[in-house]
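Each chain, written out:
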Amino acid sequence: MKRDAVQTVAVKRRALELGFDAVGVATLEPSAHAAELDQWLDAGYAGTMTYLHRQSKKRKHPAGIMPGAKVALVTLTNYFHRSTDSGRNPGVGRVAQYAWSAEYHEVLGRRLERLATAVREIVPGAKTRCYVDAGPVPERELAQRAGLGWIGKNMMLIDPDRGSFTFIGVVLTDAELAADPPFEADRCGSCHACLDACPTSAFVAPGVLDARRCISYLTIEHRGEFSQVQQPLVGDWLFGCDVCQDVCPWNVKFALPTRDVELNVRPEVAEAELASLLDANPESFQRRFGDTPFERPGVAGMRRNSAAVLANRRRAHA
Ligand code: B12
Ligand code: SF4
Ligand code: SF4
């Protein structure tokens, strides 16, 4: 198959019609940041996310993820609703806004499959494989290579037109689509607002996060009870954390609320009641939250998070 500009334009147009907010094409040469990944893993910053160690070889050599793959079609989907700090009542915990709607892996998974079908129609004989937040795909680096933005000091992929409240979705394909130029500029400049604002001082350096101290890791990925050190770190956050994005000037200035109907806010998630989560049993939890991101920590994890937020609030008011 030959790299074809006409086919590439047709594929990108289809991506925008399907509801993706931005799309670009990245080449699959080895990661330019393999050494950073090795150092990050060796330092233990991945905590118990052992899959990151297992996947690191492929992450450093993305061409090996799918046999014959030539490029990654990389998409961004805006999920911004409003500042995470607004409109809370005392009985609810703070929930990171990427989780406010239906399970995004499913919403975007379906959308990416439709895009993959379009690739196969536009480039007959092409093979495709879709990924969103799963598998060994270095999603942020591929997005930067596809020209969609730069990786900020908070490690987020920042789109200069939309900010960083975006999901990244990837279609790997052997179709030789024309690659975009990478986004070379670093537009953080002298700003360090995210590093200063992180409530747990989880950044050991600009662009280097010790995940073990990150509230997102603690409330979503950590299994078992919190230690005495971990529980206060969680503060007011029931699920995930948005602080290092909420303070970023690129979000303050450019993030606009999504109009994606598949990402409509579900109040029982966005405004989750601490007391009812504390009392949840597996059946009631499954009924209410089985198709939401709360499913990842599950009923035990969400009960633990809820108890931690309540205890932290009691301590703050004592
Ligand atoms: C593990 C993981 C986590 C972990 C670890 C986070 C971390 N910073 O590494 C935890 C649980 C803490 C987490 C938290 C969050 N996550 Co997360 N996470 C992932 C996952 C599955 C893997 C990331 C990974 O490999 N981390 C290891 C680090 C070392 O790798 P990396 O982040 O890719 O960083 C590489 C680049 O930065 C590159 N690099 C280093 N320096 C430079 C310099 C330049 C110029 C360039 C180009 C590259 C570069 O080298 C690094 C190593 O390869 C990805 C999905 C995926 N498959 O990639 C989602 C993903 C990164 N997460 C995402 C989100 C939304 C979040 C949260 C915002 C959720 C929340 N609100 O609670 C927070 C944000 C925390 C933060 N500031 O990073 C989105 C990010 C979207 C975006 N616009 O950037 C992703 C891409 C999922 C998705 N498909 O949308 N996450
Ligand atoms: S998500 Fe929260 S805890 Fe994690 S690095 Fe960002 S500000 Fe810090
Ligand atoms: S807050 Fe400032 S330093 Fe952090 S990612 Fe945004 S622009 Fe970069």
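None of these values were measured; they are calculated from a predicted model.

Trainee: Would you explain the sheet that holds strand 1 (residues 22–27) in this entry?
Mentor: Strand pairing in a sheet relies on backbone hydrogen bonds, with the paired strands running either antiparallel or parallel. With respect to topology, 4 strands assemble into an open sheet ordered 1-2-7-4, the strand pairing being antiparallel. The open sheet terminates on both sides in strands that have one partner only, identified here as strand 1 and strand 4 (128–131). Taken over all neighbouring pairs, the strand axes of this sheet differ in orientation by 20° on average, direction set aside. Pairing geometry for strand 4 and strand 7 (residues 166–173), over 4 bridges, is antiparallel. When the bridges of strand 7 are listed, Y131 appears paired with V170.

Trainee: I tried to follow the pattern of salt bridges on my own but got confused; where do I start?
Mentor: Between side chains of opposite charge, a pair can form as their charged atoms come close. Tallying each qualifying case throughout the model produces 15 salt bridges. Among the ionic pairs, R145 bridges to E29, the shortest N-O distance being 3.9 Å. Remark: E29 occurs in the loop between strand 1 and helix 2 (34–42) and R145 occurs in helix 6 (residues 139–145); sequence separation between them is 116 residues. For R145, a relative accessible area of 9% gives the class buried. The salt bridge partner of R313 is D236, with a shortest N-O separation of 2.7 Å.

Trainee: Is there a simple way to explain the site of ligand 2 in this structure?
Mentor: If you check the shell around ligand 2, you find C198, P199, T200, F203, L209, C214, I215, C241, V243 and C244 and nothing else. Along the lines of polarity and charge, the residues of the shell around ligand 2 split into 9 nonpolar, 1 polar and no charged.

Thresholds, definitions, all that
Residues numbered from 1 in each chain as written. Chains lettered and ligands numbered in written order. Predicted model: local features only at pLDDT ≥ 70, side-chain atom pairs only at ≥ 80, totals over all residues. Heavy atoms only, no water. Pairing = 2+ DSSP bridges. Helix = DSSP H or I, 4+ residues; strand = E, 2+ residues; numbered from the N terminus. Axes fitted to C-alpha atoms, helices over the stretch in contact; angles between N-to-C directions. Salt bridge = Lys/Arg side-chain N within 4 Å of Asp/Glu carboxyl O. Buried < 20%, exposed > 50% of the residue type's maximum accessible area, 1.4 Å probe, protein only. Near = heavy atom within 4 Å. Nonpolar A, V, L, I, M, F, W, Y, C, P; charged D, E, K, R; others polar.

Function cannot be inferred from these measures alone, as they are strictly geometric.
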